[in-house]
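Chains, contacts and geometry: an overview
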Amino acid sequence: MSTPELVTVTIDGRRAEVAKGTGLVETALQAGVEIPVFCYEPRLGPPIGACRMCLVEIEGMPKLQAGCTLTAQDGMAVRTAATSEKAAEGQNATLEFILVNHPLDCPVCDKGGECPLQDLTFRYGPGNTRMIFPKRTFEKPIPISPTIALDRERCILCYRCTRFSESVAGDGQLVARNRGAQSAIATFEDEPYRAPFSGNVIELCPVGALTSTQYRFEARPWEIQNVPTVCAMCPVGCNVSATTREGKVKRIVSRNHPEVDEGWLCDKGRFAHSHLRAEDRITEPLLRVRRRGFSPIGWDQALDEAERLLRGAGSRIVTALSGSETVEGAYGLARLLRGGLGAHSAVLPEEAGHALDAYRLPLSAIRDAELVVVVGDDPVSERAPIVDLWIRAAQRGGAELVTAGPSGTLLAAPGSAAQVCRDLAAPGSEVGRRLRESARAILIWSGQGGQGGAHLAALARALGFDGKEGCGAFHLPATPNGRGVAAAWAAASDEEAENPEPISLLIVSGDEAASDPNVRALAERAEAVLAITMFHALAVGWADLVLPATSYLERDGTTMNLEGRLQRLRRAVMPPAPDELAWLSQLAERFGIALPPYPALVFEELSPVAFGGLAFGEVGERAALPPRAEAAPLPPLESAPPPPTSDGHYLQLLRYRPLFSGAAVERVPELQFQRPPREVELSADDAERRRISSGDEVSVRSNGTSTALRARLDRRLAPGVVRIAEEHAGDLHALVEVVKA
Amino acid sequence: MSPQPFGSIKGFGVTFKQIFKKPITQQYPEYKRPLYPRFRGRHRLWRHEDGLEKCVGCSLCAAACPADCIRVVAAENTAEHRVSAGERYARIYEINLSRCIFCGYCELACPFDAITLGNEFELSEYSRDDLIYTKDMLLAPPIKRVPVADRELYDTPIPFYKTGS
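Fair warning: this is a prediction, and the values are worked out from it, not measured in the lab.

**Details of unusual backbone geometry**
Residues and elements named next belong to chain A. Proline 141 follows lysine 140 through a cis peptide bond whose omega is -10°. Its place among the elements puts proline 141 in the loop between α3 (116–124) and β6 (142–145). One non-glycine residue with positive phi stands out, namely asparagine 178, at about 65°. By relative accessible area, which is 48% here, asparagine 178 ends up partly exposed. Positive phi values are uncommon outside glycine, yet aspartate 190 reaches one of about 55°. Its place among the elements puts aspartate 190 in the loop between β9 (184–187) and α5 (200–204). Given a relative accessible area of 52%, aspartate 190 falls into the exposed group.

**Structural notes on the pairing of strand β1 (residues 6–11) of chain A**
Residue and element names in this part refer to chain A. Sheet topology places β1 next to strand β2 (residues 14–19); six bridges connect them, and they run antiparallel. For isoleucine 11, the partnering residue across the bridge sits in β2 and is arginine 14. In textbook terms, the turn of a hairpin is the stretch between consecutive antiparallel strands, and for β1 and β2 this stretch comprises two residues, one of which, aspartate 12, has a positive phi near 50°. Examined bridge by bridge, β1 and strand β5 (residues 77–79) share two bridges and lie parallel to one another. Considered in β5, the bridge of threonine 10 is made with alanine 77.

**Details of empty space enclosed by the protein**
Residues and elements named next belong to chain A. Overall, the coordinates contain nine cavities of 30 Å³ or more when judged by the stated rule. Considered as a void within the structure, the largest cavity measures approximately 170 Å³ in volume. In this structure, the largest cavity is lined by 19 residues; those nearest its centre are Gly353, Leu356, His475, Arg483 and Leu562. Here the lining of the largest cavity takes three residues from strand β22 (residues 472–476), the largest share from any one element. The residue inventory of the lining of the largest cavity, partitioned by class, reads eight nonpolar, five polar and six charged. Shared between two domains, the lining of the largest cavity takes at least three residues from each, and those domains are domain 3 (301–349 + 482–618) and domain 4 (355–475). Thr326, Gly329, Arg555, Glu580 and Leu581 are, among the 15 residues lining the second largest cavity, the residues nearest its centre. Per-element accounting of the lining of the second largest cavity gives the leading share, four residues, to helix α18 (residues 580–590).

**Things to note about the sheet that holds strand β15 (residues 294–296) of chain A**
All names here are of chain A. In space, the seven strands of this open sheet follow the order β15-β14-β25-β24-β23-β16-β17, with mixed pairing throughout. Strand pairing shows two members of the sheet lacking a second neighbour, β15 and β17 (345–347), which therefore form its edges. Taking each pair of neighbouring strands and ignoring which way they run, the sheet shows an average axis angle of 20°. In this structure, strand β16 (residues 317–321) lies alongside β17, joined through three bridges in parallel fashion. Each bridged residue has a counterpart across the sheet, and for valine 318 the counterpart in β17 is serine 345.

**Focus on the sheet that holds strand β10 (residues 210–212) of chain A**
All names here are of chain A. Spatially, the three strands line up as an open sheet ordered β6-β7-β10, and their pairing is antiparallel. In the strand order of this sheet, the two ends are held by β6 and β10, each with one partner. Strand-to-strand, the axes of this sheet are offset by a mean angle of 40°, without reference to chain direction. Sheet topology note: the strand β7 (residues 148–150)/β10 ladder contains three bridges and is antiparallel. By the bridge assignment, leucine 150 is partnered in β10 with leucine 210.

**Quick word on a nonpolar patch on the surface**
Residue and element names in this part refer to chain B. A surface patch of nonpolar side chains, amounting to about 530 Å² of accessible area, comprises Phe12, Phe16, Ile19 and Phe20. Along the chain, phenylalanine 12 falls in helix α1 (residues 7–19). In this structure phenylalanine 12 comes out as exposed when scored by relative accessible area, which is 52%.

**Things to note about the packing of helix α7 (residues 299–313) of chain A against α18(A)**
Residue and element names in this part refer to chain A. Relative to each other, α7 and α18 sit at 55°, their axes nearing to 10 Å. When the axis of α7 is compared with that of α18, the two are oblique. Handedness of the crossing formed by α7 with α18: right-handed. Of the residues in α18, those in contact with Trp299, Asp300, Leu303, Asp304, Ala306, Glu307, Leu310 and Arg311 of α7 are Trp583, Gln586, Leu587 and Arg590. Grouping the constituent residues of the contact of α7 with α18 by class yields six nonpolar, one polar and five charged.

**A few points about the environment of Ser98(B)**
Residues and elements named next belong to chain B. Within the secondary structure, serine 98 is located in the loop between β3 (88–96) and α3 (105–109). Since its relative accessible area comes to 37%, serine 98 is described here as partly exposed. With 19 residues separating them along the chain, serine 98 and alanine 79 place their C-alpha atoms 37 Å apart. Polar contacts involving the side chain of serine 98 include one to the side chain of asparagine 96, which spans 2.6 Å.

**Comments concerning the interface of chain B and chain A**
Between chain B and chain A, the contact holds 16 residues from the first and 15 residues from the second. Interface area for chain B against chain A, summed over the two sides, is near 1,200 Å², with a carbon-plus-sulfur share of 53%. When the area that chain B buries against chain A is broken down by residue, the three leading residues are Glu76(B), Glu87(B) and Arg88(B), summing to 47%. Across the contact surface, chain B and chain A share six salt bridges. Where Lys140(A) meets Glu87(B), a salt bridge forms, and the shortest distance between an N and an O atom there is 3.8 Å. Put simply, chain B and chain A have nine residue pairs in polar contact (both at pLDDT 80 or more) between them. Put simply, the parts of the chain that give the side of chain B that touches chain A at least two residues each are α2 (60–64) and β2 (70–76) of chain B. With six residues, the top contributor of residues to the side of chain B that touches chain A is β2(B). Among the residues forming the side of chain B that touches chain A, the class breakdown is eleven nonpolar, one polar and four charged.

So, how was this worked out
- Residues numbered from 1 in each chain as written.
- Chains lettered and ligands numbered in written order.
- Predicted model: local features only at pLDDT ≥ 70, side-chain atom pairs only at ≥ 80, totals over all residues.
- Heavy atoms only, no water.
- Helix = DSSP H or I, 4+ residues; strand = E, 2+ residues; numbered from the N terminus.
- Buried < 20%, exposed > 50% of the residue type's maximum accessible area, 1.4 Å probe, protein only.
- Pairing = 2+ DSSP bridges.
- 1 Å grid on protein atoms, 1.4 Å probe; cavity = no way out; pocket = protein on both sides within 12 Å on 5 of 7 lines; lining within 4 Å.
- Points joined across faces, edges and corners; volume = space filled by probe spheres on them.
- Nonpolar A, V, L, I, M, F, W, Y, C, P; charged D, E, K, R; others polar.
- Domains from an automatic or database assignment.
- Axes fitted to C-alpha atoms, helices over the stretch in contact; angles between N-to-C directions.
- Patch = residues over 30% accessible without salt bridge, like charges linked within 9 Å, V, L, I, M, F, W, Y side chains within 5 Å.
- Areas by Shrake-Rupley, 256 points an atom, 1.4 Å probe, with all protein chains shown as cover.
- Salt bridge = Lys/Arg side-chain N within 4 Å of Asp/Glu carboxyl O.
- Parallel < 35°, antiparallel > 145°, perpendicular 65-115°, else oblique.
- Left-handed = near helix turned anticlockwise from the far one by under 90°.
- Contact = heavy atoms within 4.5 Å.
- Polar contact = N/O pair within 3.5 Å; in protein donor to acceptor, adjacent residues only side chain to side chain.
- Buried area = accessible area lost by both parts, 1.4 Å probe.

Note that every value here comes from positions in space, so none of it alone points to a role or purpose.
Structure follows, in structure tokens:
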């Protein structure tokens, strides 16, 4: 790319040199002048000039201009409200006009105190109003979804929310109804706003028209603390601030990291925090006394019990990790078990690896790509939702998206992503040829398997991505911190793991592991189970000793996202029980292992082994991405045997883990509407053959088990495949028959 | 002897003269001095005439408070449980009077005239906990007697601005 032409603009007598085409608001900012705005938000696409707050006087133009819609031109002389009386009067009048129908309920409004309309009125607006007629009233608040409340009286029609819904998230559900003075924000057909990114409109709203029902009347801006931390609900690791008041997390707001999330959050990350105060939260250690009953015990006794279990089992321990632990927590566990007991065997829900570090790019690079190829069975938005927004941004910029999967543009059978990779690398492939030729191509693996990115790394190497700056590859793991946990586990010892048989003790670390059916199956073979979990329901029936776990908002430490970026978690609130590292350090002492209870010291110990000696303090509030690694030899690729395919009568079952699932989401009442309905997705061909139409009740059967679901036709789904969310698929086998009930 | 031998006698003379004057000591609590109308004592929360609380739980008083002694936790009014006139009301309203400096900023900040400072000043308790006044206590009319409540029993001194000095 050539360097853009520089132009000189004068703003309030100050000169600014910017690239031609830069927006006037940014140009003014560079000159140290503020042009106030409501509707202008560059992340939402082109400016629309709806609010008229940005009025400026421009030399040579007879009327005031909306500054946000203009771009810097050479020799432009701009005068803002600071120097131009005309502009000041215009902004004053604009604010008076906006406030004509805006209710004066700031003391009641949740936005009060952090409201751009309040702030700008204070600085640019009239001190009083000439409006003597009754203001317009609407019914309020209108719940446009269980998480968002709409107050039309307060709305100033800046169209930020509808622009987000239409162009950024692409759901198009939030619309402006009617015209002119009758315009009102509404959801399409007054249906609930059910979209994975709906919560962002709350943060975008410059007034209190869209507010969070969860945060409604909970706190005011001067009563809160914002703790900068990272969301650990999915592998993206969005930067967030946890708003706390009186020792409780009240809301999660974004903390724009331009390379990771660009200030957007999904609803899971934004609203799921209330699981911290779930009713069945475990706050003290529990010991199984009778067959299914627990009795609470003190911490001394709990550590005694844990020591007895560990000593009894020796090295015949298997640890089921969740991949949601902090790096330090996982290392502490590994130091105790591997160093103290020689128990090297651990299972992670998914293989994690560093094969893709040679093709590392920030997530924001997806936006600049010209060709994005997604392989794998799962939709990107269910695995790593923000990546979906980056892909949409790329598409808006003209990029082509190729999805190779069971419902993609290139149809591929479920479980065949490795084969798709080999096909793309083959010389005859058309998409492969374009990937080779492109300077800005992105590969994304979204699905099971993939060996932590090794399959994709092999494809990237075959396509000649080495040395191409703009080309990269991402593996979307299922676990938030799988890479960090795997690295921490490996850092504690070099010894090879051997799978003990029989298993004396199964240690279940975290909620994801505790709700994993594979771990449950492992527990069948174990003599005793020690569960570290947050919720009662996950411990009942199988654990012998339960130690309370903590959530990511209650821990200090580090976590590694899917890019390989190490980010800092900060403790927002105190956990109801000591955190993992605190009791691990006490327990380790009994085995003669010195393990500090502080994440900073633990990180210091493991950093030279795992992270090249990075200091804890250097992780920073907006973590940097480490540079690309040297291309290393890839681990041997293993191909899982292809799953049985459909024979026409029996259909291949494709399970996916929905974004809105898991122990935390189940405990948030506001998010229940986002969870997947009891549906089975069928391709049009298969449905027609079985005379099933959308909405029909069907019975999905396989060997001996059956489940009743509602049918939904998906025209993009490959024939011979049915898709069911993990939580509704239950015990169904790989091949199912679908019969109209 | 001191250089001024009559100095001590002169000084004692002033003392002896006072013996025959009317004492200015006021025997509190038997005698209670009345308060000026704008005296700032214990806070009071007010209701509208229809019985709804004026306070909407906006926390502006807590923001204005320099001693950080006010705690407000708001909640939403519902049709079945309507406490205040607006959308929200103060579910918890507490003033820690052991921290309060009676500056009256809360009264100034209140957009609904829901809180005022009254005349009550006899607030000592045996426990600090008892000095945390809850919403019920603040909404109730003053329980303890204050001089102004019964003007006829006590003489009212002429305010200083009327004495002309």
